[in-house]
Amino acid sequence: MAAHIHILGISGSLRAGSLNTALLRNAQAMLPQDTSLEIADLSGIPLFNQDHEHDPPAAVHEFKAKISGADALLFAVPEYNYSIPGVLKNAIDWASRPVATQPFNNKPAAIAGAGGRFGTVRAQLHFRQIATYLNMQLLQKPELMIPLAHQKFDANGVLTDQEARDQLRTLVDALVAWARRWR
Ligand SMILES: Cc1cc2nc3c(=O)[nH]c(=O)nc-3n(C[C@H](O)[C@H](O)[C@H](O)COP(=O)(O)O)c2cc1C
C-alpha cells in the first residue's frame, strides 16, 4: 500500500466567495487514493512584526506546524496588481522565520491560480521567485492558470469548465507523485 500523502492547501484570498479557495475545494473532491487535502486558514494571521519572529502569535505557530506536518503544499494564488496578494506574502514572511528552521525548506509544492484575462501568470512568476529563495521544491510543470475564472465556476464554487478540471486533476496527481519522491 502506498504511503498516505497529506497536502496543505493555501489560498491567497480571504474572500468568502474566493475562486482560488474554491479551486482548492475542487481539488479536495478529486484526490487520488491515500491522499488528503486540508485548507489552511490565514484569516487570523496578523501583520508580520520581526520583533516576534521567535515567539510568533498562535495563528502563525499553527500555520507553521501545518506546513511542517504536510507532505506537500498546494498554493492557489490570485493576482493582485501583477503580484501575489499581501495576505499570502505576509503569511509566508511569518512562516519563513527564523530562517534556520523555516518549514518551506525542501517542501514539495505546486502552484495554481484562478484569475482574469491572463489567469494569474504574473502573480505565479512572482511566487516562483519567493519559492526559490525559500528552497521549496516547486513543480515546474504542469502549470495551472485559469483565465476568466469567474466564467468557469458555478454559484456553488464548482469548477464547471472541463478543460480546467482536467488540468487541476493532472496537477494534483503530479503533486502527489512529486511528494512521494521526496518522502
Ligand atoms: C487589489 C486587487 C488587485 C487586482 N489585481 C489584478 C491584476 O493585477 N491582474 C488580474 O488579472 N486581476 C486582478 N485582480 C482581480 C482578481 O485577480 C480577481 O478578483 C480574483 O478573482 C481574485 O481571487 P479570488 O476570487 O480568489 O478572491 C485584482 C483584484 C484586487 C482585489
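Rules behind the numbers
Residues numbered from 1 in each chain as written. Predicted model: local features only at pLDDT ≥ 70, side-chain atom pairs only at ≥ 80, totals over all residues. Buried ≥ 20, exposed ≤ 12 C-beta atoms within 10 Å, placed from the backbone. Helix = DSSP H or I, 4+ residues; strand = E, 2+ residues; numbered from the N terminus. Pairing = 2+ DSSP bridges. Right-handed = clockwise from strand over helix to strand, strands pointing away. Near = placed C-beta within 6 Å. Nonpolar A, V, L, I, M, F, W, Y, C, P; charged D, E, K, R; others polar. Core = buried A, V, L, I, M, F, W, Y, C linked by C-beta atoms within 7 Å. Contact = placed C-beta atoms within 7 Å. Arc of directions from axis to C-beta.

Novice: Please clarify how the pairing of strand β1 (residues 5-11) should be interpreted in this entry.
Specialist: Looking along a regular strand, one sees the side chains alternate between the two faces of the sheet. Most of β1 sits inside the fold, with six of its seven residues counted as buried. For β1 and strand β2 (residues 35-39), the ladder comprises five bridges, and the chain directions are parallel. Within the sheet, the bridge partner assigned to Gly9 lies in β2 and is Ile39. Since β1 and β2 lie parallel, the crossover through helix α1 (residues 19-28) that links them has a hand, and here it is right-handed. Where β1 meets strand β3 (residues 72-76), five bridges bridge the pair, whose relative direction is parallel. Within β3, the position partnered with Ile7 by the bridge is Ala72.

Novice: Please clarify how the site of the ligand should be interpreted in this entry.
Specialist: The immediate surroundings of the ligand are formed by 14 residues, with Ser13, Ser18, Asn20, Pro78 and Gly116 found nearest. Partitioned by chemical class, the residues of the shell around the ligand number six nonpolar, six polar and two charged.

Novice: Where do I start with the nonpolar core in this structure?
Specialist: A general tendency of soluble globular proteins is for nonpolar side chains to be buried together. Of all hydrophobic cores here, the largest spans 53 residues; its most connected members are Leu23, Leu74 and Leu175. Among the elements that line this core, the one with the most residues is helix α5 (residues 162-182), at seven residues. Other than its neighbours up to four places away in sequence, Leu74 contacts Ile7, Gly9, Leu24, Ala27, Leu37, Ala110, Ala112 and Leu175.

Novice: Looking at this model, I keep getting lost on the pairing of strand β4 (residues 108-114). Mind explaining?
Specialist: Among the seven residues that make up β4, seven are buried, leaving the element largely enclosed by the rest of the structure. Alignment of β3 against β4, held across four bridges, turns out to be parallel. What sits directly across from Phe75, in β4, is Ile111. Each parallel crossover has a hand, and the one from β3 via helix α3 (residues 86-95) to β4 is right-handed.

Novice: Can you walk me through unusual backbone geometry in this structure?
Specialist: Geometrically, the link from Arg97 to Pro98 is a cis peptide bond, its omega value of -15 degrees lying close to zero. Along the chain, Pro98 falls in the loop between α3 and β4. In this structure, Pro142 follows Lys141 across a cis peptide bond, with omega equal to 0 degrees. If you trace the backbone, Pro142 turns up in the loop between β5 (137-138) and β6 (144-146). Unlike most non-glycine residues, Asn106 shows phi in positive territory, near 65 degrees. On the secondary structure map, Asn106 appears in the loop between α3 and β4. Note on Asn106: 10 C-beta atoms within 10 Å, which makes it exposed.

Novice: Please explain α3 as it appears in this structure.
Specialist: Residues three or four positions apart in an α-helix share a direction because the helix packs 3.6 residues into each turn. If you check which residues of α3 are buried, you get Leu88, Ala91, Ile92, Trp94 and Ala95. Each buried residue of α3 sits inside an arc of 160 degrees when the element is viewed along its axis, so together they form one side.

Keep in mind these numbers describe shape, not what the thing actually does.
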